[in-house]
Amino acid sequence: MLPTVVSTRKKHRRVSYVLREETGRHRSGINSMVMTRRGDFLYSAGRDATARCWSTGASRIRCERTFDEHTDWVNDLVLLADESRLVTASSDTTLKIWNTGNQRVVHTLHEHQDYVKALAYARQTGQLASAGLDRDVLLWDLETGQKTVAGPGGQRITVQ
């Protein structure tokens with residue numbers, strides 16, 4: 001009887017991917033949008049970890065700026081009263097306050113323990129609230145980037 005020879009040699013195949021910036025669009029789905037008061041710009045929150053600013057004044061909507069410092073989905077966004085700052089909420093558990101002119105981050109807010117899913121902004125009082133999958137609702141002082149009041153007696157508001 002002849003010995004059986006089993007080959008342990010594996011076939012190797014090369015696979016390559018081309019990752020490119022999608023000009024003029026998000027690379028994945030869009031979660032939220034907000035428009036300026038004049039309607040000349042539209043901001044979108046994307047699953048590609050970016051927020052984008054779109055010009056709506058021309059005959060065709062065109063991406064003017066990209067806000068790209070989150071590491072996970074951008075779930076919601078709000079424009080502040082003078083529209084010079086944008087706040088984004090992300091699945092990377094942070095909120096970012098951006099300068100809309102130069103696309104730079106002014107503050108990164110770290111208080112949530114899970115995805116930040118929703119934002120609410122009161123123009124008259126300047127209050128910002130954020131809520132996430134950690135079941136917390138937090139209120140923010142946007143000048144300092146600090147949490148202000150978070151419920152009765154300074155405690156976090158936790159949804160049961």
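Everything below is about the structure shown above.
Predicted model only: the values in this text are computed from it and were never measured.

Enquirer: Before we move on, could you go through the side chain of K96 and cite the residues and values that matter?
Expert: Relative to the elements of secondary structure, K96 occurs in strand 7 (residues 94-99). Side chain to side chain, K96 and T108 meet in a polar contact 3.2 Å long.

Enquirer: Summarise the sheet that holds strand 8 (residues 105-110); cite the residues concerned and give the values.
Expert: The sheet built from 4 strands is open, its strands ordered 5-6-7-8 with antiparallel pairing. Taken across any chain shown, the strands that pair with only one partner, and hence form the sheet edges, are strand 5 (74-79) and strand 8. Going across the sheet, the axis of each strand differs from the next one's by a mean of 20°, ignoring polarity. Inspection of the sheet shows strand 5 paired to strand 6 (residues 85-90) by 5 bridges, in the antiparallel sense. Bridge assignment links L79 to a residue of strand 6, and that residue is L86.

Enquirer: Describe the sheet that holds strand 1 (residues 30-35), with residues and values.
Expert: Spatially, 4 strands are ordered 1-2-3-4 in an open sheet, and the strand pairing comes out antiparallel. The strands lining the two open edges of the sheet, one partner per strand, are strand 1 and strand 4 (62-67). Ignoring strand direction, the axes of neighbouring strands in this sheet form an average angle of 25°. In terms of strand pairing, strand 3 (residues 51-55) meets strand 4 through 5 bridges, oriented antiparallel. Looking at strand 4, one finds that W54 is bridged to C63.

Enquirer: Describe the packing of aromatic side chains, and please don't skip the residues or the numbers.
Expert: The relation between two aromatic rings is expressed through the spacing of the ring centres and the mutual angle of the planes. Evaluated as defined, the whole model comprises 2 aromatic pairs. A ring pair is formed by F67 and W98, whose centres lie 5.4 Å apart and whose planes are at 75°; its orientation type is edge-to-face. Of the two residues, F67 sits in strand 4 while W98 sits in strand 7, which places them 31 residues apart along the sequence. Taken individually, F67 and W98 each receive the classification buried, so the pair is uniform in this respect. Put simply, the rings of Y43, F67 and W98 touch in pairs and so form one group of aromatic residues. R65 extends its terminal NZ or CZ atom over the ring of F41, reaching a point 5.3 Å from the ring centre.

Enquirer: I'd like a description of unusual backbone geometry, backed by residues and values.
Expert: Leave glycine aside and you will find that most residues have negative phi; peptide bonds, for their part, are mostly trans. If you check the backbone angles, A49 has positive phi at about 70° while not being a glycine. As for its position among the elements, A49 is in the loop between strand 2 (41-46) and strand 3. One non-glycine residue, Q103, lies in positive phi territory at about 60°. In this structure, Q103 sits in the loop between strand 7 and strand 8. On the accessibility criterion, Q103 (27% relative accessible area) is partly exposed.

Enquirer: Which residues make up the pairing of strand 8, and what are the values?
Expert: As paired strands, strand 7 and strand 8 are joined by 5 bridges and run antiparallel to one another. Across the sheet, the residue bridging to L95 is L109, located in strand 8.

Here is what the cut-offs are and how they apply
- Residues numbered from 1 in each chain as written.
- Predicted model: local features only at pLDDT ≥ 70, side-chain atom pairs only at ≥ 80, totals over all residues.
- Heavy atoms only, no water.
- Helix = DSSP H or I, 4+ residues; strand = E, 2+ residues; numbered from the N terminus.
- Polar contact = N/O pair within 3.5 Å; in protein donor to acceptor, adjacent residues only side chain to side chain.
- Pairing = 2+ DSSP bridges.
- Axes fitted to C-alpha atoms, helices over the stretch in contact; angles between N-to-C directions.
- Phe/Tyr/Trp six-rings, centres within 6.5 Å; stacked < 30°, edge-to-face > 60°.
- Buried < 20%, exposed > 50% of the residue type's maximum accessible area, 1.4 Å probe, protein only.
- Lys NZ or Arg CZ within 6 Å of the ring centre and 35° of its normal.

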